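Descriptive structure summary
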Amino acid sequence: MSAPPPVAASVLALRGITKRFGALTANSAVDLTLHKGEIVALLGENGAGKTTLMNILFGHYLADEGEVLVASSEGELRPLPQGSPQAALDAGIGMVHQHFTLAENLTGFENVLLGLEPLFGLARGRRAMRRSVEALIARTGLSARLDVRVAELGVGERQRIEILKALSRRTRILVLDEPTAVLTPQEAEGLFMALRTLAAEGLSIVFISHKLDEVLALSQRLVVLRAGRKVADRPTAGADRALIARLMVGEEVEVERPAPVHPGPVALDLAHVSAGSGRTRLIEATLALQQGEIVGIAGVSGNGQSSLAGLVAGLLRPESGAITVLGRQGAASPAERRRDGVGRLAEDRHRDGMVGDMTVEENLVIERRGEMPFSRLGLLRSKAIRAAAQEAIASYDIRCPGPDAPLRLLSGGNIQKLLLARALAGGPRLILANQPTRGLDVGATVGVHRRLREAAEAGAAVLLISEDLDELFALSHRIAVIHAGRLTPVVDAAKLSAAEIGLAMAGEASSGFGAAA
Amino acid sequence: MIRFEPRAQPSLLLRIAIPMVAALAALLLSLIILALTGAPTGRAIGLLFAGAAGSVFALTETLTRATPLILTGLAAAIAFRSRLWNIGAEGQLYAGALAAVAIGSGAIEGPPWLMMPLVCLAGALAGGLLMLGPALLKAKLSVDEVVTTLLLNFVVLLFVQMMLEGPLKDPMGMGWPQSAPILDEAALPKLVAQMRLHAGLVIALVAALLVASLQRATVLGFEMRAVGGNASAAGFAGIPVAATLVKTGFISGALAGLAGAGEVVGLKGYLTSDLSPGFGYAGIVVAMLAALEPLAVVPAAIFIAGIFVGADTMSRSLGVSNYFADLVVALSLLCVLVGSLFLRYRLRRVGPA
């Protein structure tokens, strides 16, 4: 943690930003000032207005009230024309989105160049550009292979390309939206080193994160939004996890511990199962999961988790080995898995979880559309659907304009609540929770954890696939690690340390997991 | 300065008003080009409207022309909603017409209450079966259905020509390549005495209602919308994506086939290879104008039909080429696409920077 810099000039000021979407006020008179060389953490629950605020800064939205001021080259604050991403770029504002915006068929270097080169010019400036990017890499340690197509790069390297791209256009203000959500602990540490170096050189950074430890380690100042209002703006020094969590949700957050386990019959049994192809192939996996227990699968995304999840969800057939899910041997369709009592949460909720243009209620009953009471003789029964949706909206606290609103209007946390309500409907005996809280804030995460724990206590087996160590320790009774498609033996969570898991996630053999790792 | 800003959810009023304004704008733009040809624009527009809706005759002609367009428009709308890009309504229409003629011109004889539904069903079945091939190829092997359906149009038309020169040629037809006439028992009744308007319009309107309720009120319609909205999520939720696409394809093809059968047994009375002046392709424009909403397909088809019929009258009186109709239709599509931008975004005035 570095000390706050002495009085530095302001480079950015948001004044009285208010933004309404119909009846919902996403931002209400928010002020935010950013000084030169400062790292500010922007925190808040899902729907608290962080993304809206940053989208206004970047010109994707127009504020209803308020103004954005950016320092000119003379250091004087001048209003930024609103609603123009080009103006924001010209003013030196760079943004690294949670979902990367790289062209996968181009190399890293070409991605950095993209948008900088004139449309009809010769590639004259390329060599100079190349030198300056390489100098930037050397200075910051943001190492990335520049001549490899982005499609072949891992997540961490892609993110470093994204940051290099943002920095290559005379950026003075860098906004990072949950940059560590997809990184290993080691990669995240490397990113922090680079950000500290950049801040020391005078770059001002806004850092959006849900991981409180990182916020405490990296930022000099905390800005907390709650329900669209700024509720705190204070130095990081002197704050702790409990305080930040309380500021964000407005209440004391319970400390999480897995409840004692009363294991029942075996719900999921894998014996030497191989499935899938390419980088995400699962190789010779062996795993047994009993009802009533939560087993965590730790690992960095793209190491075979999607094949494991695909087998359980009914999307993938095993190539070899024996799989038994709730008594059914071998492969099954998604519909069969669900009828057998498997509740499923998709890893990528935008791709596999939701139909954004369909309504909240339709998304809630999509898995049970063909069953009583939601349909009879092929005809939908809208009253039953509406009633079930209203019940789910109330009991899962899904904040939405109404059951007939398109799902795409909801925030990420509320979409996940809806998908959780759908997965848990009908009391499943096996729950596949694949990255269940990725991108969610503290409050929504606590809610998801509580539901999963309650389901396990009620006798469900939970397969928790996650790359968040806090989450794995908070929920799991036993943990296995997956790396390069191979699953370690399952070990009692109480006997493991975060360091052991971190090493196994990175592919290092660890004594905690025995020889099979 | 004025900027675009995304809208959360467009109101119903806006969703109705925007296509109407777009159609009006298309007409006005066409008038500019009309003026450039030296034609008197005031008289031209008057003739256009009179020709489309100025008399009982004009009105019935417009509705007669709208009948196949409603059905091909529905065929495109229901397929596109599931992201099944059926460009083959023209071929399916001819397949339907061929089946109707094969059954209805003497092969089977029976009373009208049997023959009329039979020829219509035969047409629908032929169109649906024709679309099964591309739909299965798409669902099972990811073969691009735009290519397969488009190319099948030419295959089907050549097949129809072959049949009209061969087995289906009317022996009493003085050598013309046309089929034997439909039996009186199989012909659809006229709706207005002395006019060409026939019961096919009723069939088309009922089809629009059925498709609308299929999409809104049935499990199959739910699945079709989910597959179109996000096939990957639909599959994860247990919807059989491939089977849904195949069912969608069959229904879409059947609607286009029904259009062909209706033209033969309702209007022409026999089949020639120039039965359709591009009703299958125009159906795509109709569906886009209607924003893929089945009930909106009806007014969209009547609008397009009115333009075609009205432009015929106008061009006969003024000597302006009746390609003018194609111009209006093309501009309508462009205007609606621009208009749909305003459905998703609003204009906002912002102060000078």
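Residues numbered from 1 in each chain as written. Chains lettered and ligands numbered in written order. Predicted model: local features only at pLDDT ≥ 70, side-chain atom pairs only at ≥ 80, totals over all residues. Heavy atoms only, no water.

1. As for the overall build of chain A
Counting its secondary structure elements, chain A contains 17 helices and 23 strands. Against the globule reference of 24 Å for 517 residues, chain A gives a C-alpha radius of gyration of 24 Å, in line with a compact fold. Judged by the C-alpha coordinates and their principal axes, chain A covers about 70 × 55 × 50 Å. Put simply, chain A has 517 residues, and 54% of those count as buried. Contacts spanning at least 24 positions in sequence make up 66% of the contacts within chain A whose residues lie at least 6 apart. Treating the 58 positive side-chain charges of chain A as one cloud and the 57 negative ones as another, the clouds have centres 3 Å apart. (Helix = DSSP H or I, 4+ residues; strand = E, 2+ residues; numbered from the N terminus. Rg over C-alpha atoms; globule rule 2.2 N^0.38 Å. Buried < 20%, exposed > 50% of the residue type's maximum accessible area, 1.4 Å probe, protein only. Contact = heavy atoms within 4.5 Å. Lys, Arg positive; Asp, Glu negative; His and termini not counted. Charge placed at Lys NZ, Arg CZ, Asp CG, Glu CD.)

2. Section: helix α11 (residues 279-289) of chain B
Residue and element names in this part refer to chain B. For α11, the buried fraction is high: nine of the eleven residues fall into the buried class. Every buried residue of α11 is listed here: F279, G280, A282, G283, I284, V285, V286, A287 and L289. The elements touched by buried residues of α11 are α1 (12-36), α3 (56-81), α4 (89-104), α10 (241-268), α12 (294-318) and α13 (323-344). Phi turns positive one or two residues past the end of α11, at A291, with a value near 55°.

3. Observations concerning empty space enclosed by the protein
All names here are of chain B. Counted according to the given criterion, the structure contains three cavities of 30 Å³ or more. Size it by volume and the largest cavity reaches roughly 60 Å³. At the level of secondary structure, the elements contributing two or more residues to the lining of the largest cavity comprise α3, α7 (200-217) and α10. A per-element tally of the lining of the largest cavity places α10 first, with four residues. For the lining of the largest cavity, a count of residues per class yields five nonpolar, four polar and one charged. (1 Å grid on protein atoms, 1.4 Å probe; cavity = no way out; pocket = protein on both sides within 12 Å on 5 of 7 lines; lining within 4 Å. Points joined across faces, edges and corners; volume = space filled by probe spheres on them. Nonpolar A, V, L, I, M, F, W, Y, C, P; charged D, E, K, R; others polar.)

4. What about helix α15 (residues 442-457) of chain A?
All names here are of chain A. Between its first and last C-alpha, α15 extends 22 Å over 16 residues, near the 22 Å set by a 1.5 Å rise per residue. Along α15, the residues classified as buried are V442, A444, T445, V446, V448, H449, R451, L452, R453, A455 and A456. With its phi angle positive at about 110°, G459 sits one or two positions after the end of α15. (Expected span 1.5 Å × (residues − 1).)

5. Examining the domain arrangement of chain A
Residue and element names in this part refer to chain A. On domain assignment, one finds that chain A holds domain 1 (1-92 + 174-182 + 203-253), domain 2 (254-341 + 427-517) and domain 3 (353-425). Each of domain 2 and domain 3 was reduced to a C-alpha centroid, and the two centroids are 26 Å apart. Between domain 2 and domain 3, roughly 940 Å² of surface is buried when both sides are summed, and carbon and sulfur atoms account for 61% of that area. Considering only the side of domain 2, the residues that lose the most area to domain 3 are R338, L440 and R451, jointly responsible for 55% of the buried surface there. (Domains from an automatic or database assignment. Buried area = accessible area lost by both parts, 1.4 Å probe.)

6. Points about the interface of chain B and chain A
Counting from both sides, the interface comprises 26 residues of chain B and, opposite them, 40 residues of chain A. Carbon and sulfur atoms supply 62% of the area buried between chain B and chain A, which totals about 2,600 Å² over both sides. Considering only the side of chain B, the residues that lose the most area to chain A are V219, F222 and F236 of chain B, jointly responsible for 30% of the buried surface there. Inspection of the chain B/chain A interface yields two salt bridges. A salt bridge links E362 of chain A to R225 of chain B; the nearest nitrogen and oxygen atoms lie 2.8 Å apart. Our enumeration of links across chain B and chain A arrives at twelve residue pairs in polar contact (both at pLDDT 80 or more). Elements with a contribution of two residues or more to the side of chain B that touches chain A: β1 (2-6), α7, α8 (219-229) and α9 (231-236) of chain B. (Salt bridge = Lys/Arg side-chain N within 4 Å of Asp/Glu carboxyl O. Polar contact = N/O pair within 3.5 Å; in protein donor to acceptor, adjacent residues only side chain to side chain.)

7. Considerations on the environment of M54 of chain A
Residue and element names in this part refer to chain A. Within the fold, M54 resides in helix α1 (residues 50-57). Overall, M54 belongs to the buried group, its relative accessible area being 1%. The spacing of M54 and L167 is 113 residues in sequence and 17 Å in space, taken between C-alpha atoms.

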